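Chain residues, written in single-letter form:
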Amino acid sequence: MNRECGEGIVLTEGLHFTYSGSQTPALVDVSIAIDEGEFVLLAGPSGSGKSTLARCLNGLVPHFHGGKFGGRVVVCGLDTREATVAELARHVGFVFQDPENQLVSMEVEREIAFGLENIGLPKDVIGKRIEEALDTVGILHLRKKHPKELSGGEKQRVAIASVLALHPNVLVLDEPTSELDPQGAEDVLKVVERLNDELGITVILIEHRLDRVMHLVDRVIVMNRGRIIADGEPREVMRDERLRETGTEIPPVVDLTLKVMEHYEPDVLRDGFKIPLTVKEGRKILRPLFRRVNGVGWKPKTHHQTGKIVISIENVWFGYEYDQPILKGVSLNVRKGEFVALLGRNASGKTTLLKHLIGLNIPSKGRVVVCGLDTREATVAELARHVGFVFQNPNDHLIADTVFEEVAFPLKSMGYDNIEERVKEVLKLLKLERYRDCYPRSLSGGEKQRVAIASVLAFKPEILILDEPTRGLDFSLKEYIMKILDGYRKNGRTVIYSTHDVETAARHGDRAVIMSEGKIVIDDEKHKGLANALLFSPQINRMIQSFRRYGVPEEILTVEEALEVIDIGLRRGGR
Amino acid sequence: MVYKEANTPIHRMNAMPKIIWAITILILSLIFDNPVVLILLFVATIPPAVFGKIIKEWSFFVKFGLFFIPVIVLLNIAFNHNGEHILYSLGYDLPFFGSPVITLEALFYGIMMGVRLLVILSAFAIITVSVHPDDILMLMLKMKVPYKSVLIVSLSSRFIPTLLSDVETITDVQRTRGLELDRGSIIKRIKNRFPVLVPLLANSLERSVEIAEAMEARAFGENKKRTFYKELKLSNADKLVSVFIFSTLLVGIIARFLGYGIYEYYPVLSPIELESIILGVLLFSMLVIPYVSVWITYNSSEPLAHGGHQ
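Residues numbered from 1 in each chain as written. Chains lettered and ligands numbered in written order. Predicted model: local features only at pLDDT ≥ 70, side-chain atom pairs only at ≥ 80, totals over all residues. Heavy atoms only, no water.

Re the environment of Asp524(A)
Residue and element names in this part refer to chain A.
Okay, so step 1: Turning to its location among the elements, Asp-524 is positioned in strand 20 (residues 519-525).
Okay, so step 2: In this structure the C-alpha to C-alpha distance between Asp-524 and Ile-514, which are ten residues apart in sequence, comes to 9.1 Å.
Okay, so step 3: Each residue touching Asp-524, except ones within four places of it in the same chain, is listed here: Arg-511, Ala-512 and Gly-529. (Helix = DSSP H or I, 4+ residues; strand = E, 2+ residues; numbered from the N terminus. Contact = heavy atoms within 4.5 Å.)

Remarks on the interface of chain A and chain B
Okay, so step 1: Counting residues at the interface gives 64 residues for chain A, matched by 56 residues for chain B.
Okay, so step 2: With both chains or domains summed, chain A and chain B bury close to 5,300 Å², and 54% of this area falls on carbon and sulfur atoms.
Okay, so step 3: It is Asn101(A), Met106(A) and Asp396(A) in chain A that bury the most area against chain B; as a group they hold 14% of the surface buried on that side.
Okay, so step 4: Seen at the junction of chain A and chain B, the total is eleven salt bridges.
Okay, so step 5: Between Glu206(B) and Arg441(A) there is a salt bridge whose closest N-O contact spans 3.3 Å.
Okay, so step 6: At the junction of chain A with chain B, the criterion picks out 31 residue pairs in polar contact (both at pLDDT 80 or more).
Okay, so step 7: Put simply, the parts of the chain that give the side of chain A that touches chain B at least two residues each are helix 3 (85-89), helix 4 (108-118), helix 5 (123-137), helix 6 (152-164), helix 14 (380-384) and helix 15 (403-413) of chain A.
Okay, so step 8: Looking at the side of chain A that touches chain B, the element that brings in the most residues is helix 4 of chain A, giving nine residues.
Okay, so step 9: Of the residues that constitute the side of chain A that touches chain B, the class distribution is 32 nonpolar, 15 polar and 17 charged. (Buried area = accessible area lost by both parts, 1.4 Å probe. Salt bridge = Lys/Arg side-chain N within 4 Å of Asp/Glu carboxyl O. Polar contact = N/O pair within 3.5 Å; in protein donor to acceptor, adjacent residues only side chain to side chain. Nonpolar A, V, L, I, M, F, W, Y, C, P; charged D, E, K, R; others polar.)

Some words on the sheet that holds strand 11 (residues 309-318) of chain A
Paired through backbone hydrogen bonds, the strands of a sheet run either parallel or antiparallel to each other.
Residue and element names in this part refer to chain A.
Okay, so step 1: With respect to topology, four strands assemble into an open sheet ordered 12-11-14-15, the strand pairing being antiparallel. Looking along the sheet, the strands with just one partner apiece sit at the ends: strand 12 (327-335) and strand 15 (373-374).
Okay, so step 2: Bridge count for strand 11 against strand 14 (residues 365-370) is five bridges, and the pairing is antiparallel. By the bridge assignment for strand 14, Ser-312 is matched with Val-369. (Pairing = 2+ DSSP bridges.)

Digging into the packing of aromatic side chains
All names here are of chain A.
Okay, so step 1: Tallied over the full model, the rule gives 21 aromatic pairs over all chains.
Okay, so step 2: Summarising the aromatic geometry, the rings of Phe-290 and Phe-547 are spaced 4.9 Å apart at their centres and angled 20 degrees between planes, so their arrangement reads as stacked. In this pair, Phe-290 is assigned in helix 12 (residues 279-292) and Phe-547 in the loop between helix 21 (539-544) and helix 22 (559-573), connecting sequence segments 257 residues apart. Both residues of the pair, Phe-290 and Phe-547, count as buried. (Phe/Tyr/Trp six-rings, centres within 6.5 Å; stacked < 30°, edge-to-face > 60°. Buried < 20%, exposed > 50% of the residue type's maximum accessible area, 1.4 Å probe, protein only.)

Overview of helix 5 (residues 55-79) of chain B
Residues and elements named next belong to chain B.
Okay, so step 1: In this model helix 5 runs 36 Å from its N-terminal to its C-terminal C-alpha over 25 residues, within 8% of the 36 Å that 1.5 Å per residue would give.
Okay, so step 2: Considering bend angle alone, the principal kink of helix 5 is centred on Phe-68 and spans about 25 degrees; proline Pro-70 follows within four residues of it.
Okay, so step 3: Taken residue by residue, helix 5 has Glu-57, Trp-58, Ser-59, Phe-61, Val-62, Gly-65, Ile-69, Val-73, Asn-76 and Ile-77 as its buried positions. (Expected span 1.5 Å × (residues − 1). Bend = angle between axes of the 7 residues up to and from the residue.)

A look at the domain arrangement of chain B
Okay, so step 1: Split by domain assignment, chain B resolves into domain 1 (9-132 + 230-300) and domain 2 (139-216).
Okay, so step 2: Centre-to-centre, using C-alpha coordinates, domain 1 of chain B lies 33 Å away from domain 2 of chain B. (Domains from an automatic or database assignment.)

Some words on the nonpolar core
All names here are of chain A.
Okay, so step 1: Judged by nonpolar contacts, the single largest core of 81 residues is most densely connected at Ile-311, Ile-313, Leu-357, Leu-464 and Leu-530.
Okay, so step 2: Ranked by residues supplied to this core, first place goes to helix 18 (residues 475-490) with seven residues.
Okay, so step 3: Beyond its immediate sequence surroundings of up to four residues, Leu-357 is in contact with Ile-311, Ile-313, Val-368, Val-370, Val-387, Ile-465 and Ile-496. (Core = buried A, V, L, I, M, F, W, Y, C linked by side-chain atoms within 4.5 Å.)

Here we look at the sheet that holds strand 5 (residues 78-79) of chain A
Residue and element names in this part refer to chain A.
Okay, so step 1: Spatially, 2-1-4-5 is the arrangement adopted by the four strands of the open sheet, whose pairing is antiparallel. Looking at the sheet topology across the chains shown, the edges are occupied by strand 2 (27-34) and strand 5.
Okay, so step 2: Inspection of the sheet shows strand 1 (residues 10-19) paired to strand 4 (residues 67-75) by eight bridges, in the antiparallel sense. Pairing of Phe-17 across the sheet is with Phe-69, part of strand 4.

Re the side chain of Arg441(A)
Okay, so step 1: Mapped onto the elements of the fold, Arg441(A) is located in the loop between helix 16 (419-429) and helix 17 (445-457).
Okay, so step 2: At 3.3 Å, the side chain of Arg441(A) forms a polar contact with the side chain of Glu206(B).

Section: the environment of Gly492(A)
Okay, so step 1: When you line up the elements, Gly492(A) lands in the loop between helix 18 and strand 18 (494-499).
Okay, so step 2: Once residues within four sequence positions are removed from consideration, Gly492(A) is found in contact with Lys336(A) and Gly337(A).

Quick notes on the domain arrangement of chain A
Residue and element names in this part refer to chain A.
Okay, so step 1: Splitting chain A by domain gives domain 1 (10-245), domain 2 (252-292 + 540-573) and domain 3 (309-530).
Okay, so step 2: A straight line from the C-alpha centre of domain 1 to that of domain 2 covers 36 Å.
Okay, so step 3: Across the boundary between the two partners, domain 1 contributes seven residues, which contact eleven residues of domain 2.
Okay, so step 4: Interface of domain 1 and domain 2: buried area, both sides summed, is about 870 Å²; carbon and sulfur atoms make up 62% of it.

Regarding the packing of helix 2 (residues 15-31) of chain B against helix 11 (residues 236-257) of chain B
Residue and element names in this part refer to chain B.
Okay, so step 1: Relative to each other, helix 2 and helix 11 sit at 5 degrees, their axes nearing to 9 Å. Between helix 2 and helix 11, the crossing angle belongs to the class labelled roughly parallel. Seen from helix 2, the contacting residues are Met-16, Pro-17, Ile-20, Trp-21, Thr-24, Ile-27, Leu-28 and Ile-31; seen from helix 11, they are Asp-238, Val-241, Ser-242, Ile-245, Phe-246, Thr-248, Leu-249, Gly-252, Ile-253 and Arg-256.
Okay, so step 2: Of the residues in the contact of helix 2 with helix 11, the class split is twelve nonpolar, four polar and two charged. (Axes fitted to C-alpha atoms, helices over the stretch in contact; angles between N-to-C directions. Parallel < 35°, antiparallel > 145°, perpendicular 65-115°, else oblique.)

What to know about unusual backbone geometry
Okay, so step 1: With an omega dihedral of 5 degrees, the bond running from Val61(A) to Pro62(A) counts as a cis peptide bond.
Okay, so step 2: Along the chain, Pro62(A) falls in helix 2 (residues 60-63).
Okay, so step 3: Put simply, Tyr266(B) and Pro267(B) share a cis peptide bond, and its omega is -5 degrees.
Okay, so step 4: With a phi angle near 50 degrees, Asp29(A) is a residue other than glycine that sits in the positive phi range.
Okay, so step 5: Tracing the backbone shows Asp29(A) in strand 2.
Okay, so step 6: The residue Ala347(A) is not glycine, and still its phi comes out positive at about 65 degrees.

Quick word on a nonpolar patch on the surface
Residue and element names in this part refer to chain B.
Okay, so step 1: Residues Phe-64, Phe-67, Phe-68, Val-71, Leu-75 and Phe-79 make up a contiguous nonpolar surface patch of about 630 Å² in total accessible area.
Okay, so step 2: With respect to the helices and strands, Phe-64 occurs in helix 5.
Okay, so step 3: A residue is classified by how much of its surface remains accessible, and Phe-64, at 45% relative accessible area, is partly exposed. (Patch = residues over 30% accessible without salt bridge, like charges linked within 9 Å, V, L, I, M, F, W, Y side chains within 5 Å. Areas by Shrake-Rupley, 256 points an atom, 1.4 Å probe, with all protein chains shown as cover.)

Rendered as structure tokens:
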């Protein structure tokens, strides 16, 4: 490590930045000082300036992304306006969001060597550093692999190793887990935690899912609209009302505790309590409260759809290669009006199964009937009149010059009339009216996602399928999109979506289907399906599991449900 | 059908002689149209495929070539009416084609051109499957090609799989939006591809910006002289083998200038001469000897565990 940097390893003073071609500033008067060895979480909604701030720390702003720059950034004693990005790269390691686009070599070893070659280290030193980096990140077994043989989580760990080899003092990670499944995310975060704990590297991490990292970090900085609005220890910041106002997802256990504190006398909680950051702490702090809530007759609200079956999947087997089946005998019936979450790890077969519903995949064995059409006989275009499909990456949808044309495109190619009216209606529904004449690709991620959904909703398909519609979105956008979907199915239509996000599945929809290795392992009403599972239970449910012996209903999935139960319990039990 | 790491004498052999070998075969197959030479050149590409245990991947390329032979033969007999042995004659005139006749000579010539295609595909199949792409890049660097050009080649091959999966996904997306790719006239079909092309180009542009960002964040563009962790090492044996293979090319070129191995297809197939058989066998053995010798050395020594390059 370069030892010349002491305390105040990262300093920004009155930092302002406006991207060229933009009217609104991305950063407004940002002043922070980060000490060596700190683990800092940068939180806030999408578009709040987190990524821009991160890019200021290694000089990509203003050297790579031009614009109006004001104030000062000093990292390890270097003023970023004077130092080049290449110089700063020796002090600041940067890991990007997209695992694919930051690996430039055809072999992991060469990937790690890339930065070291750039700074002109001799061969034997490079060899030593490669070993060291591979070992530290725990990927020695991947050394000869091509990036296409790696999973998302592995790619991110390779990216970490490749910047670690440069011996940085500071590691900046811009949403490194947002494209990974829960297991991949955990693997990456474990490595980051270890680098901070054992090597003392300063870490600045951007992450939407606070529940994953809250207990690891020393400090949380919250941004909104380019400004810093809160900065402090995690427990302190969690109690800050301004955090909630930004629409950030508060970890459910924290949320529950805060709401209990708000509604009841503090004596219902354990003496000398603090805000719990993990399930373990939550159990400790909330135990006295739940002990009093014994045996309430609470039942979760469930919807049982009795409409006709619109999707019928019968014993489907499928594989791209003969001897490697991806789906191994999947059977599933979905009724009209249902709202189904399809959960499972990466490569468990979720997307492969969804593609069967519109004929992009044809079963090798078994059959799929959608709205009375057998997918082996109907064409994709015929099925597309009944089934709308929103893919993972909205960029793959966008082809037109304006949002209006984008939404009108499928209507035209399917030969609908009164296009103008239909587009207007759907733009209104998704609050996109003011972007009507904008170039879709210039919009933010969340807006693009809405345009993609709008272009599918425009022809009002009977069945709506979404492949990970909430991936990479911040909390308020996630909630907004899920509410739109819920409204859509209430019109007698069917919605199926895949997700990694158990919390979202717990809050919305009414049925949970969990896949593992090409098979459906759980298919039930969500309260039955998601309760008492280890990996696929939401946080509140994992905490409640230890309160079962007090008679607390085991089907509680969300904060709201937990509050209902507490309310009934306390009112009946008295104080 | 890409490179796969394996511990065989062929995989472990240095990239330089292998690439010179493939180029030699390419040139020889283009300067000779003698059937004996062409067939023997094809046979010469089989031993490395066998020793390298890559028959499965190799045959994928060869099958691809076999698929094209009938096309080449058909085109040749349709447009080439030279030759005296008429196998079939239509007997009346057609617009554009005149009075079509199929001759034995044109048929045979078509088949031999198919064999020539097979020779080239087969030689390059062995390179594709047994040479690590990085080795090719390192060879380029060794030949003093500027680093930035090598990097561009390297980045393009790195992102080909990504691009292909992009094409697949975007095609799927646009099909679910009611796009029918294979419908209508040819012009309509080409127009139908636009909804796939537009997002593909836009995605690639956005990707290239992200790649550039990631590279700069790892000190790319630093003025200092760049070092290279891995370089293609050439032992004296490698150089000797390279020179030997290169001399095969010289032998071939000289023989061609002296008029050996020339073959006439028209107006009647000329007889196969002894000289051309000798030439073919000579070239064949010179092309096979390096592989046979590494294979023998490999089997007589203790198999080592390390990989094929560096």
